[in-house]
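Summary of structural features
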Amino acid sequence: SAGAPECSRHRRGGGGESTPLQSRANFLKNWDWLSVTQINGRLCERGRAQHGINRETHQAVAEEWDSRGKGALSLLETLELLQCCHRRAPFLFFNGNTFAEIGRALSNAVFSEVHFSRKKEISSAVAHYITGVLSKEDMASIVDSLWQSASFAPGDRVTTLRGSLSGEVIAILDDGRIKWCSNSGTVLVALPESLIRAR
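Residues numbered from 1 in each chain as written. Predicted model: local features only at pLDDT ≥ 70, side-chain atom pairs only at ≥ 80, totals over all residues. Heavy atoms only, no water.

Here's the deal with unusual backbone geometry
For clarity, the cut-off: Going along the chain from the N terminus, every DSSP run of H or I of four or more residues is numbered as a helix, and every run of E of two or more is numbered as a strand.
Positive phi outside glycine occurs at Arg 48, with the angle close to 55°. Even without a glycine there, the phi angle at Ala 89 is positive, about 50°. With respect to the helices, strands and loops of the structure, Ala 89 is situated in the loop between α3 (75–88) and α4 (95–110).

This is the structure in structure tokens:
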């Protein structure tokens, strides 16, 4: 049911090597429930929607937020909590936008050292995961492929950040840019930050 305490279930991501999604911290310490409510109010005002609470779930979600949000969680567990709060809909409108906005801000802080274009794609993937548009596996794959520094060698298979083109690295130019050939045979030059390794 909508009021079931789904957020308290402890779910784990895949094993393997360490990624930022496994790092642990009190990621939500800057967002108490009052600030979450204020974010929702602002979004409702901007969207010309009535700001209010869902009486069936609001109290339970607020309590869950206050209890779990005060402790150290992995980044993935934090994103799962944000997704769960969205699904339980504690507000009348803009639940997805509310928790996705927190996820984007959190993502931008965690990945502050990542190149702008990659950071933007990571925060978009995080927001889409929170709102249920992207699966956990797809979101984790995007985050894991983008947070690492872009380092390529001739012969590496690459794709653009959005996956619209794929190909092979031909050479690394003196200025650090990547000369590569797309699958269609077009030779392109790109910044390393604009490419990821093809899987």
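Back to the text.
Comments concerning the packing of aromatic side chains
Heads up, the condition is: Aromatic pairs are defined between Phe, Tyr and Trp rings, using the six-membered ring for Trp, whenever the two ring centres lie within 6.5 Å; interplanar angles under 30 degrees are classed as stacked, those over 60 as edge-to-face, and all others as tilted. Here's how the labels work: a residue is buried when its accessible area is under 20% of the maximum for its type, exposed when over 50%, partly exposed in between, all with a 1.4 Å probe on protein chains only.
In the structure shown here, the tally under the stated rule is five aromatic pairs. Considering the side-chain rings of Trp 65 and Phe 99, the 6.0 Å spacing of their centres and the 50° angle between planes classify their relative orientation as tilted. Of this pair, Trp 65 sits in helix α2 (residues 58–68) while Phe 99 sits in helix α4, and the two are 34 residues apart along the sequence. With respect to class, Trp 65 is no different from Phe 99; both count as buried. Aromatic ring contacts, followed pair by pair, group Trp 33, Trp 65, Phe 91 and Phe 99 into a single cluster.

So, the packing of α2 against α3
The condition that has to hold: Under this scheme, a helix contributes an axis fitted over its contacting stretch, all axes are lines through C-alpha atoms, and angles between N-to-C directions fall in the 0 to 180 degree range. When describing relative orientation, an angle under 35 degrees is termed roughly parallel and one over 145 degrees roughly antiparallel, while 65 to 115 degrees is termed roughly perpendicular and anything else oblique. The contact criterion used is simple: two residues touch if any of their non-hydrogen atoms lie within 4.5 Å.
Orientation of α2 relative to α3, taken along the N-to-C sense of each, is 170°, at an axis distance of 10 Å. Our classification of the angle between α2 and α3 gives roughly antiparallel. Residues Ala 60, Val 61, Glu 64, Trp 65 and Arg 68 of α2 touch α3, and the partners they reach there are Glu 77, Leu 81, Leu 82, Cys 85 and Arg 88.

What to know about the pattern of salt bridges
Note the cut-off: We count a salt bridge whenever a side-chain nitrogen from Lys or Arg sits within 4 Å of a carboxyl oxygen from Asp or Glu.
Going through the model one piece at a time under the given rule, you end up with six salt bridges. For Glu 77, the salt bridge identified is with Arg 24, shortest N-O distance 3.2 Å. Of this pair, Glu 77 sits in helix α3 while Arg 24 sits in strand β1 (residues 24–25); the two residues are 53 residues apart in sequence, bridging distant segments of the chain. In this structure, Arg 177 and Asp 175 form a salt bridge, with 2.7 Å as the shortest nitrogen-oxygen distance.

Digging into the sheet that holds strand β6 (residues 187–190)
The condition is simple: Any two strands with at least two DSSP-identified bridges between them are counted as paired.
The antiparallel open sheet is built from five strands, whose spatial order is β6-β5-β4-β3-β7. Edge positions in the sheet fall to β6 and β7 (195–197), since each has one partner strand and no second. On average, adjacent strands in this sheet sit at an angle of 45° to one another, irrespective of strand direction. Note: strand β5 (residues 178–182) against β6, four bridges, orientation antiparallel. Residue pairing in the sheet places Cys 181 in a bridge with Val 187 of β6.

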